[in-house]
Amino acid sequence: MAAAASFTTMTEPSSPSSSSASSETQDRGNRRSWAQALKIYAEPTSLRMLALGFSAGLPPLLVLGTLGFWLREAGIERSTIGYLSWVGLAYGFKWVWSPLVDRLPIPLLTRLLGRRRSWLLLAQGLIMAGLLGMAFNDPRAALHPLVWCALAVAFGSATQDIALDAYRIESATVEDQAALAATYQTGYRLAMIWAGAGVLWVAAQVQGDAKGYVVGAWSVAYMAMAASMLVGALTVLLSPEPRPRPLPAARNLREWLQGALVAPFADFVSRYRWQALLLLALIGLYRVSDVVMGIMANPFYVDMGYKKEEVAAVTKVFGVVMTLLGGFVGGSMAVRWGVMRVLMLGAILSAATNMLFAWLATRGHDLTALVWVVSADNLAGGIASAAFIAYLSGLTNVQYSATQYALFSSMMLLAPKWLAGFSGTFVDAYGYEAFFHATAAMGIPVLLLIYLASRVKTAESD
């Protein structure tokens, strides 16, 4: 299978045998020069992924990150903000409906746009509707309507991710996936600038000299975010559909369920056997340090006395630029040196930079320290993200690209998002410094899992 073959090019040899040494020598001979590795970023497929990455990166921050700033400014308790992060569990369970996105046609839309683009456009419409609903609700007056709209945004965003991941995987060769991941991350992080700094900047401009909490400022900001989703919608309409892969016709519902639900997971298990559990454990824990810490980041900035403009300038602009740099560096290193080495480096850096936030918690309102800490953290996150996306893509069989990638990316968020729900309660009990130390410690087991996963081979390669 294509995915099985591609995975072996992404891992280190599992034993120092002569055949492995020969394979490693051949792999070094096939590696591209730096100029060849960077050239792909100017190709049309990469540019499309830049715009679609923007569409994917806009909604998650608006329901998980920036929303925390809004709620904290509105006087909502930290523990409540932590529990509301469970809205993000929609991303952790998207594998449940991913087979539908992979195979179920949408009336009229699929005939006009194709399987991948029709689902992308439908999901983007749901995201825009949910963001408009959030814009017209005040969490101080009634929190529940805002939560339901946020759930709609998260569900639409998770559905968009399923279709977009399949679109990306089917639009390029395995060798180009690391670079496409970096380009995707560029668009994603640019959206995070707009969904973070843009929201805060728009809200601050609308609020003007008014003091305290002004709900109208947040309403205008979220309406602007809904309009920004048009970037993704226009890109979908103007982009080509990947060449459709023929799907076997199902004679009845049982056969359809077998092909849509059972076969993708059976394929993964048959290729990796018992080692599939190890790979899923790595996927489920790789980003745990960052995800758990990130939920309390915006409440932390509010409690430390940072203004909207300061947070926008440092964490949502300067910090995201460093993430873009990390993404390009990570993608290029993965192409040249292999994914597993960069995956290990990203895990080490991600856990280590959380310790810097613990130090920042002792500084109070220190803008210079914030710049350095955010820069280091985002650079590490960019390197880790580019390598991790490439790693997940290499595990995927293109025959089941949407379903299998949805499983992997869901596993990435399921345990971390569940743990993040208790982050506010932990901070209330022990403080921010202890919280950041604890999130750094969560990354230690990941290093062992990466080492073990680097020795995994598919069943076909035995």
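Our structure's up above, just so we're on the same page.
Cut-offs applied
- Residues numbered from 1 in each chain as written.
- Predicted model: local features only at pLDDT ≥ 70, side-chain atom pairs only at ≥ 80, totals over all residues.
- Heavy atoms only, no water.
- Phe/Tyr/Trp six-rings, centres within 6.5 Å; stacked < 30°, edge-to-face > 60°.
- Helix = DSSP H or I, 4+ residues; strand = E, 2+ residues; numbered from the N terminus.
- Buried < 20%, exposed > 50% of the residue type's maximum accessible area, 1.4 Å probe, protein only.
- Lys NZ or Arg CZ within 6 Å of the ring centre and 35° of its normal.
- Patch = residues over 30% accessible without salt bridge, like charges linked within 9 Å, V, L, I, M, F, W, Y side chains within 5 Å.
- Areas by Shrake-Rupley, 256 points an atom, 1.4 Å probe, with all protein chains shown as cover.
- Salt bridge = Lys/Arg side-chain N within 4 Å of Asp/Glu carboxyl O.

Draft legend 1. Main features of the packing of aromatic side chains. By the definition in use, this model includes 19 aromatic pairs. Between W70 and W218, the aromatic rings sit 5.6 Å apart at their centres with planes inclined by 5°, giving stacked as the arrangement. Taken together, the positions of W70 in helix α5 (residues 66–73) and W218 in helix α13 (residues 215–228) put the pair 148 residues apart, joining distant regions of the chain. In terms of burial, W70 and W218 fall into one category: buried. Summarising the aromatic geometry, the rings of W97 and F155 are spaced 4.6 Å apart at their centres and angled 35° between planes, so their arrangement reads as tilted. Here W97 is found in the loop between α7 (89–92) and α8 (98–103), whereas its partner F155 is found in helix α11 (residues 143–170), with 58 residues between them in sequence. In this structure F155 comes out as partly exposed when scored by relative accessible area, which is 38%. Among the aromatic residues, those joined into a ring-pair cluster are F300, Y301, Y306, F357, F426, Y430, Y432, F435 and F436. One cation-aromatic arrangement involves R168 over Y184; the distance from NZ or CZ to the ring centre is 6.0 Å.

Draft legend 2. Quick look at the environment of V214. Relative to the helices and strands, V214 resides in the loop between α12 (177–207) and α13. The class of V214 is partly exposed, set by a relative accessible area of 24%. It is 8.7 Å that separates the C-alpha atoms of V214 and A203, two residues lying 11 residues apart in sequence.

Draft legend 3. Structural detail: a nonpolar patch on the surface. A contiguous nonpolar surface patch, about 420 Å² in accessible area, is contributed by L132, F136, V206, V220 and M223. Secondary-structure assignment places V220 in helix α13.

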